[in-house]
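The primary structure of each chain is shown beneath.
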Amino acid sequence: QVQLVESGGGLVQPGGSLRLSCAASGIIFRDTVMAWYRQAPGSQRELVATITLGGRTIYADSVKGRFTIFRDNAKNTVYLQMNSLKPEDTAVYFCNVPGNNGNYYPWGQGTQVTVSS
């Protein structure tokens, strides 16, 4: 059974930092391209960052220069380092595959990130 478990969210002030983790099981993680998504209330789920098998990264323009995606294949974990956080980053953050042809693994519960003073 595929499981994706996100953690690391919380309440942070504007300009602060958080590191999110996503632990994957039930897949061959080292052979899987991974991505982070976020969904704010009333909004569509948005692709934030992608990391390939070889470690190439792609970012949404809104987070470029502030967020970093990286992976540890030995731990079956993908991370999202978020710096210089803004209120508009407030959302529930999820990990999954890029979803080509609309194919995703079952979504985890996500982890809430709230940026507020």
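Above: the structure in question.
Residues numbered from 1 in each chain as written. Predicted model: local features only at pLDDT ≥ 70, side-chain atom pairs only at ≥ 80, totals over all residues. Heavy atoms only, no water.

J.: Just checking my understanding: could you explain the sheet that holds strand β7 (residues 67-72) for this structure?
T.: By definition, the strands of a sheet pair up through backbone hydrogen bonds, in either a parallel or an antiparallel sense. A sheet is described by the order of its strands in space; here 4 strands give the open sequence β1-β3-β8-β7, paired in antiparallel fashion. Of all strands in the sheet, those bounded by a partner on one side alone are β1 (3-7) and β7. The average angle at which neighbouring strand axes cross in this sheet is 15°, direction not considered. (Pairing = 2+ DSSP bridges. Helix = DSSP H or I, 4+ residues; strand = E, 2+ residues; numbered from the N terminus. Axes fitted to C-alpha atoms, helices over the stretch in contact; angles between N-to-C directions.)

J.: Please clarify how the sheet that holds strand β4 (residues 34-39) should be interpreted in this entry.
T.: In spatial order, the strands read β2-β10-β9-β4-β5-β6; together these 6 strands make up an open sheet with mixed pairing. Bordering the open sheet on either side are β2 (10-12) and β6 (57-59), each of which pairs with just one other strand. Pairwise comparison of adjacent strand axes, ignoring direction, gives a mean angle of 25° for this sheet. Of the pairings in the sheet, the one linking β4 to strand β5 (residues 46-51) comprises 5 bridges and is antiparallel in character. Note that in β5 the partner of W36 across the bridge is A49.

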